[in-house]
Amino acid sequence: MASVFAVSGVRAGATPAPWHRAASPSGRVADAHGHGCSTSRISPGGPRAKGAGRGARVAARVATTAPPSPTSTSGDDDKKFGRQSSMGVGDGVVPMTEEQRKALARSEPPKEYSPQRAATKYRKRPGEVAVRVAQIGTSLGGFILDVLVDNQRGEFEKNAPKRADQLRRKLTELGPAFVKVGQALSTRPDLLPAQYLDELTSLQDALPTFSDADAFETVERELGRPLDAMFATITPSPIAAASLGQVYRATLIGSGREVALKVQRPNIPKGLELDFHLIRMGAAFADRFVDSLNTSIVDLVDEFAARVFQELNYVQEGLNAERFARLYGDRPDVVVPGIEWEYTSPRVITMEWVQGTKLSEQDSLRAQGLDVLQLVDTGIQCSLRQLLEFGYFHADPHPG
């Protein structure tokens, strides 16, 4: 079996479940069966596009800052447009297609992160702010107190697994913004002990789900069609759930292609806006007393929050995936799932289903005859190309 390094899309490794009949919110029914998978994203870019009409105006939010992609790969064009990848696609930026513009115009994209807007908004809502501060303080304050007591009693290492589970549960209860913080910490062995890293890893694809009825209603509203007019089969419940959305496995009507259908959680922007506003206030307070860092904590929070808000636009995610494929998909051992634009909108994305195994599941990889070191080498080579060749990189490279 050829080794494959999946840089985006889905991971699946569960045994197929029996076929089910899943009803859509409109009362229609679709066949389904279940598998396990998780999704990952590609770091957003950020240009501005010009054009008339609603689709063109909305497209301004997802354009990239890079110069236009060359239409030719001749030597003169190389000098004019700069670097060429081995696929001859320049910086990978191409004009949006009509399919992509239609996907973007299916609903209003989420608002971009604006700390100024949030500050103005919540200055007028002191009661809402006070309630949320109390929730966060009570939850995390209890955890911090427990850790301090453990440390004082010399039981920090002994109780680390229990405290790690406690932290994971508290971050999950506090919502998407804090889950995102936990996900970021789960890949930082320089900041947290190993027991915490192992526990927080589950925040990547094993979070509580939201209502399937709400999810299917969102799909029908965003795509403008009933489920059974689009999907021949769909799992009755999600096969993976992350901080911003959850994933279903489905089969397209007509083509019969298997796809991963990701649906965004309801009312995500509102909760993120308030929580990042409060986190930013805490960062501003910390900036006054922490002088050991060579950068502003507020600036770090703003950068992190801006990227999280960009993740809310699934059309942007699809554009990023296709650009990534143009730049780095020339290697046969690098797979980037294709996007089904007819079934994609700002809050719903449908992409090719890729069957695979987590890189962290080494026993399973060996059982399939795959060389773990070769897979790691493929990942390293691909990562070096991202960082050194074009500076356009996958910003969330966790195992699943």
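Predicted model only: the values in this text are computed from it and were never measured.

On to a nonpolar patch on the surface, then. Residues Leu359, Val376, Ile380, Leu384, Leu387, Leu388 and Phe393 make up a contiguous nonpolar surface patch of roughly 620 Å² in combined accessible area. Here Ile380 shows up in helix 14 (residues 372-390).

Under the 1.5 Å per step criterion, the end-to-end length of helix 9 (residues 212-223) is 16 Å for twelve residues, consistent within 8% with the ideal 16 Å. Regarding helix 9, the residues found buried are Ala215, Phe216, Thr218, Val219, Glu220, Glu222 and Leu223. Taking the backbone nitrogen of Ala213 as reference, a side-chain oxygen 3.2 Å away marks Ser211 as the first, capping residue of helix 9. At the C-terminal side of helix 9, Gly224 shows a positive phi close to 75 degrees.

Time to look at unusual backbone geometry. Its identity is not glycine, yet Asn267 carries a phi of approximately 55 degrees, on the positive side. By secondary structure assignment, the location of Asn267 is in the loop between strand 9 (258-264) and helix 10 (268-287).

What follows concerns the packing of aromatic side chains. In this structure the tally under the stated criterion is seven aromatic pairs. Between Phe216 and Tyr248 the ring centres are 5.0 Å apart and the planes differ by 45 degrees, which places this aromatic pair in the tilted class. Here Phe216, found in helix 9, pairs with Tyr248, found in strand 8 (residues 245-252); they are 32 residues apart in sequence, far enough to count as distant. When sorted by exposure, Phe216 lands in the same class as Tyr248, which is buried. Arranged with centres 6.3 Å apart and planes meeting at 65 degrees, the rings of Tyr328 and Phe390 form a pair that is edge-to-face. Remark: Phe390 occurs in helix 14 and Tyr328 occurs in helix 12 (residues 314-328); sequence separation between them is 62 residues. In this structure Phe390 comes out as buried when scored by relative accessible area, which is 13%. Joined through ring pairs, the aromatic side chains of Phe324, Tyr328 and Phe390 make up one cluster.

It is worth spelling out the nonpolar core at this point. When a protein is soluble and globular, its nonpolar side chains tend to lie buried together. Counting residues in hydrophobic clusters, the biggest one holds 54 residues, and the most contacted among them are Tyr196, Leu272 and Phe276. Looking at this core, the element that brings in the most residues is helix 12, giving seven residues. Of all hydrophobic cores here, the second largest spans 17 residues; its members include Phe210, Leu223, Leu227 and Phe231.

Residues of the protein chain with pLDDT of at least 70 account for 77%, and the chain-wide mean is 80. Between residues 1-83, whose pLDDT stays under 50, and residues either more than four places distant or in other chains, the model counts 230 contacts.

Moving on, we get to the packing of helix 5 (residues 126-152) against helix 6 (residues 156-174). Direction vectors running N to C along helix 5 and helix 6 enclose 175 degrees, while the axes themselves pass 10 Å from each other. In terms of their interaxial angle, helix 5 and helix 6 are classed as roughly antiparallel. Here Arg132, Gln135, Ile136, Ser139, Leu140, Gly142, Phe143, Asp146, Val147, Asp150 and Asn151 of helix 5 lie close against helix 6, whose contacting residues are Phe156, Asn159, Arg163, Gln166, Leu167, Lys170, Leu171 and Leu174. When its residues are assigned to classes, the contact of helix 5 with helix 6 shows eight nonpolar, six polar and five charged.

Conventions we followed
Sequence order as written defines the numbering, with residues in each chain counted from 1. Reporting of local features is limited, given that this is a predicted model, to residues whose pLDDT is at least 70; pairs of side-chain atoms are given and counted only at 80 or more, and all residues count toward the totals for whole chains, interfaces and linings. The side-chain numbers reported here are obtained from all heavy atoms of the structure, hydrogens and water having been left aside. Patch membership needs two things, relative accessible area over 30% and no salt bridge, and members are linked within 9 Å if like-charged or within 5 Å if nonpolar (Val, Leu, Ile, Met, Phe, Trp, Tyr). Here, Shrake-Rupley sampling with a 1.4 Å probe gives the accessible areas, and only protein chains in the shown set may cover a residue. What counts as a salt bridge is simple: a side-chain nitrogen of Lys or Arg found within 4 Å of a carboxyl oxygen of Asp or Glu. Strands are runs of DSSP state E lasting at least two residues, helices are runs of H or I lasting at least four, and both sets are numbered from the N terminus onward. Expected helix span is computed as 1.5 Å times (number of residues minus one). Using a 1.4 Å probe on the protein chains alone, a residue whose accessible area is under 20% of its type maximum counts as buried, one over 50% counts as exposed, and one in between counts as partly exposed. Here a polar contact means two N or O atoms within 3.5 Å. Within protein one must be a hydrogen donor candidate and the other an acceptor candidate, and residues neighboring in sequence count only if both atoms are side-chain atoms. Stacked, tilted and edge-to-face pairs are distinguished by plane angle, under 30 degrees for stacked and over 60 for edge-to-face with tilted covering the rest, among Phe, Tyr and Trp rings (Trp via its six-membered ring) whose centres lie within 6.5 Å. The term nonpolar core refers to a set of buried residues drawn from Ala, Val, Leu, Ile, Met, Phe, Trp, Tyr and Cys, joined through side-chain atoms within 4.5 Å. Confidence scores labelled pLDDT are given residue by residue by the predictor and lie between 0 and 100. In what follows, a contact means two residues having at least one pair of non-hydrogen atoms within 4.5 Å. Orientation is described by lines fitted to C-alpha atoms, with helices fitted over the stretch in contact, and by angles between N-to-C directions that extend from 0 to 180 degrees. What sets the label is the angle itself: under 35 degrees gives roughly parallel, over 145 gives roughly antiparallel, 65 to 115 gives roughly perpendicular, and the rest give oblique. We call Asp, Glu, Lys and Arg charged. Ala, Val, Leu, Ile, Met, Phe, Trp, Tyr, Cys and Pro are nonpolar, and the rest, Gly among them, are polar.

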